[in-house]
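# Observations on the model geometry
Here is what each chain is made of, one letter per residue.
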Amino acid sequence: MTDTETKPAVAIGADHAGFPLKAALAEALAAIGHAVLDFGTDGTASVDYPDFAHAVCRAVISGQARFGVLVCGTGIGMSIAANRHPHIRCALVHDATGARLARAHNDANVLALGARMTGPEPALDALRVFLATSYEGGRHARRLAKLTPALEPAR
Ligand code: RB5
């Protein structure tokens, strides 16, 4: 992507454990020119991660944002909640390699990070790579079509 291209809008959300990392990622995204839709939480008071996962996923599904980013303590709860949405492919990632493959092979549209698992620098690297990597299609398209059981070919 060149500097003159519009960068995709990113919806972001976190629970209390993910809040500090979410704030750092949102700031970094805005600094490199992404529109950032921040769905909270806005502090370290205890909240329930599914509320934020669903808000971010709805923004991606509606087209308000091209990608979503979810942060909780481990990233596990956020990724479980996000993947309840049929059109969401949320990848829990711990480094840039996982982020690259989540886009290239899985066409992930939501990135989940664990603030207790991944430090701010690796998390930001992962996010940058996630946004910069295109889906490869090809053999992966057949596999994506099989992700939703109802869409499996009849035997
Ligand atoms: C909150 O303590 C923690 O359970 C949450 O951030 C997340 O790690 C859940 O998967």
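Anything mentioned here points back to the structure above.
An account of the accompanying structure is given in this report. Just so it is clear, the structure is predicted and the values come from calculations on it, not from any experiment. Per chain, residue numbering runs from 1 following the sequence as it is written. For this predicted model, a pLDDT threshold of at least 70 governs which residues receive local features, and a threshold of 80 or more governs which side-chain atom pairs are given and counted, while totals over whole chains, interfaces and linings are taken from all residues. Just so you know, side-chain values use all the structure's heavy atoms and leave hydrogens and water out.

Here the aromatic set is Phe, Tyr and Trp, taking the six-membered ring for Trp, and pairing holds for ring centres within 6.5 Å; pairs whose planes are under 30 degrees apart are stacked, those over 60 apart are edge-to-face, and all others are tilted. What the rule picks out here adds up to 1 aromatic pair. Summarising the aromatic geometry, the rings of Phe-67 and Phe-130 are spaced 5.6 Å apart at their centres and angled 70° between planes, so their arrangement reads as edge-to-face. Residue Phe-67 is located in strand E3 (residues 67-72), and its partner Phe-130 is located in helix H5 (residues 120-132); the two are separated by 63 residues in the primary sequence. For the pair Phe-67 and Phe-130, one class covers both residues: buried. Remark: a charge is flagged as sitting over a ring if the NZ atom of Lys or the CZ atom of Arg is within 6 Å of the ring centre and within 35 degrees of the ring normal. The residue whose ring lies beneath Arg-103 is Phe-130, and the NZ or CZ to ring-centre distance is 6.0 Å. Going along the chain from the N terminus, every DSSP run of H or I of four or more residues is numbered as a helix, and every run of E of two or more is numbered as a strand. Any residue under 20% of the maximum accessible area for its type is buried, any over 50% is exposed, and the rest in between are partly exposed; the area is computed with a 1.4 Å probe on protein chains only.

Now for H5. Expected helix span is computed as 1.5 Å times (number of residues minus one). Spanning 13 residues, H5 covers 18 Å between terminal C-alpha atoms, matching the ideal 18 Å at 1.5 Å per step. By the burial criterion, the buried members of H5 are Ala-123, Leu-124, Ala-126, Leu-127, Phe-130 and Leu-131. Taken down its axis, H5 places every buried residue within 160° of arc, on the same side. Exposed residues pointing more than 90 degrees away from the buried face of H5 are listed as Glu-121 and Ala-132. Contacts between residues were defined by any pair of non-hydrogen atoms, one from each residue, lying within 4.5 Å. In the core, the buried residues of H5 are packed alongside strand E1 (10-14), helix H1 (19-31), E3, helix H4 (96-104) and strand E5 (110-114). What the arc describes is the spread of directions from the helix axis to the C-beta atoms.

The next thing to look at is the packing of H4 against H5. To get an axis, a line is fitted to the C-alpha atoms, and for a helix only the part in contact is used. The angle between two axes follows their N-to-C directions and goes from 0 to 180 degrees. Put simply, H4 and H5 touch, their axes get as near as 8 Å, and they point 20° apart. Between H4 and H5, the interaxial angle falls into the category roughly parallel. The handedness of the crossing between H4 and H5 comes out as right-handed. Contact with H4, carried on its side by Ala-96, Ala-99, Arg-100, Ala-102 and Arg-103, involves Asp-125, Ala-126, Val-129 and Phe-130 of H5 and no other residues of that element. The residue makeup of the contact of H4 with H5, split by class, is 6 nonpolar, no polar and 3 charged. Here the word oblique covers every angle except those under 35 degrees (roughly parallel), over 145 (roughly antiparallel) and from 65 to 115 (roughly perpendicular). By convention the crossing between two helices is left-handed if the near helix lies anticlockwise of the far one by an angle smaller than a right angle, and right-handed if it lies clockwise. Residue type decides the class: Asp, Glu, Lys and Arg count as charged, Ala, Val, Leu, Ile, Met, Phe, Trp, Tyr, Cys and Pro as nonpolar, and the leftover types, Gly among them, as polar.

Another aspect to go through is the pattern of salt bridges. Each salt bridge in this description consists of a side-chain nitrogen of Lys or Arg and a carboxyl oxygen of Asp or Glu lying within 4 Å of one another. Inspection of the entire model under this criterion finds 5 salt bridges. Notably, a salt bridge pairs Asp-107 with Arg-89, separated by 3.3 Å at the nearest N-O pair. One end of the pair, Asp-107, is in the loop between H4 and E5; the other, Arg-89, is in the loop between helix H3 (76-82) and strand E4 (90-92), with 18 residues separating them in the sequence. Taking the relative accessible area as the measure of exposure, Asp-107 reaches 15% and is therefore buried. The exposure class of Arg-89 is partly exposed, given its relative accessible area of 25%.

Time to look at the side chain of Thr-118. If you trace the backbone, Thr-118 turns up in the loop between E5 and H5. Once you skip the residues sitting within four places of it in the chain, Thr-118 turns out to touch Leu-21, Val-93, His-94 and Ala-123.

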